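Listed below, chain by chain, are the residues.
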Amino acid sequence: MNREIFNKATQEMTSDTSYYLSNCENTDPQQMVEHLAKTIRGHWVVESNNWQLDVTFGEDLVKTKVGNQALIMGKLRCFAMNLIRWSKKGLKNFQATIEEFTDSPQALISMLTQVNFL
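Calculation notes
Residues numbered from 1 in each chain as written. Predicted model: local features only at pLDDT ≥ 70, side-chain atom pairs only at ≥ 80, totals over all residues. Heavy atoms only, no water. Helix = DSSP H or I, 4+ residues; strand = E, 2+ residues; numbered from the N terminus. Polar contact = N/O pair within 3.5 Å; in protein donor to acceptor, adjacent residues only side chain to side chain. Contact = heavy atoms within 4.5 Å. Core = buried A, V, L, I, M, F, W, Y, C linked by side-chain atoms within 4.5 Å. Buried < 20%, exposed > 50% of the residue type's maximum accessible area, 1.4 Å probe, protein only. Salt bridge = Lys/Arg side-chain N within 4 Å of Asp/Glu carboxyl O. Expected span 1.5 Å × (residues − 1).

Asker: Describe the side chain of Ser-18, listing the residues and the values that go with them.
Answerer: Within the secondary structure, Ser-18 sits in the loop between β2 (12–17) and α1 (29–57). Within the local environment of Ser-18, its side chain forms a polar contact with the side chain of Arg-3, the two groups lying 2.6 Å apart. Sequence-distant contacts of Ser-18, defined by excluding residues within four places in its chain, comprise Met-1 and Arg-3.

Take a look at the structure:
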């Protein structure tokens, strides 16, 4: 798969080629291409979520080691991220939204009410 990446910070365009293996048995080439493209995009959604959790919540810096605390905290961070996504369609800056909730608890209460959590 060939792709072009535009870095907004540096205003530079780079290209990249990635190779994938598949055991897809579809004989129609068009359907196979569509299936593989959908699968690859789906993988990058997961990677994007992981990146967002690390950048916004500093997940890689968390050093919880007792029992299942790390698992529970990870689930809570994912839940919080999904609540924010559901309430603010097209959101671009999770960090700013979280800071807004810190500065204004009423904004957090409003969002939680909007998604029927409260």
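Asker: Any chance you could break down the nonpolar core for me, citing the residues and the numbers?
Answerer: In globular proteins that are soluble, nonpolar side chains generally tend to be buried together. Membership of the largest hydrophobic core is limited to nine residues, which are Leu-53, Met-81, Leu-83, Ile-84, Phe-94, Phe-101, Ala-107, Met-111 and Leu-112. Of all elements in the fold, only α2 (69–87), α3 (94–103) and α4 (105–114) reach the threshold of two or more residues within this core. Once you skip the residues sitting within four places of it in the chain, Leu-112 turns out to touch Leu-83, Phe-117 and Leu-118.

Asker: Lay out unusual backbone geometry in plain terms, naming residues and giving numbers.
Answerer: Trans is the common state for peptide bonds, and a negative phi is the common state for residues other than glycine. For Gln-11, which is not glycine, the phi dihedral falls at a positive 60°. Among the secondary structure elements, Gln-11 is positioned in the loop between β1 (2–7) and β2. In this structure, Asn-116 is a non-glycine residue whose phi angle is positive, near 60°. Along the chain, Asn-116 turns up in the segment after α4.

Asker: Give a detailed account of the pattern of salt bridges, specifying residues and quantitative values.
Answerer: Across all of its chains, the model carries two salt bridges by this definition. Residue Arg-3 is joined to Asp-16 by a salt bridge in which the shortest nitrogen-to-oxygen separation is 3.6 Å. Residue Arg-3 is found in strand β1, and its partner Asp-16 is found in strand β2; the two are separated by 13 residues along the sequence. Linking Arg-77 and Glu-59 is a salt bridge whose minimum nitrogen-to-oxygen distance equals 3.0 Å. Here Arg-77 is found in helix α2, whereas its partner Glu-59 is found in the loop between α1 and α2, with 18 residues between them in sequence. Look at Glu-59 and you get partly exposed, because its relative accessible area is 22%.

Asker: I'd like a rundown of α1, residues and numbers included.
Answerer: Compared with an ideal rise of 1.5 Å per residue, which puts 29 residues at 42 Å, α1 spans 42 Å between its outermost C-alpha atoms and is within 8% of the ideal. When α1 is considered as a whole, its buried residues turn out to be Ala-37, Ile-40, Gln-52, Leu-53 and Thr-56. Here the buried face of α1 lies against α2 and α3. One or two positions beyond α1, positive phi appears at Gly-58, with a value near 60°.

Asker: Could you give me a rundown of the side chain of Gln-52, with the residues and numbers involved?
Answerer: Structurally, Gln-52 is set in helix α1. A polar contact is formed between the side chain of Gln-52 and the side chain of Thr-56, at a distance of 2.4 Å.

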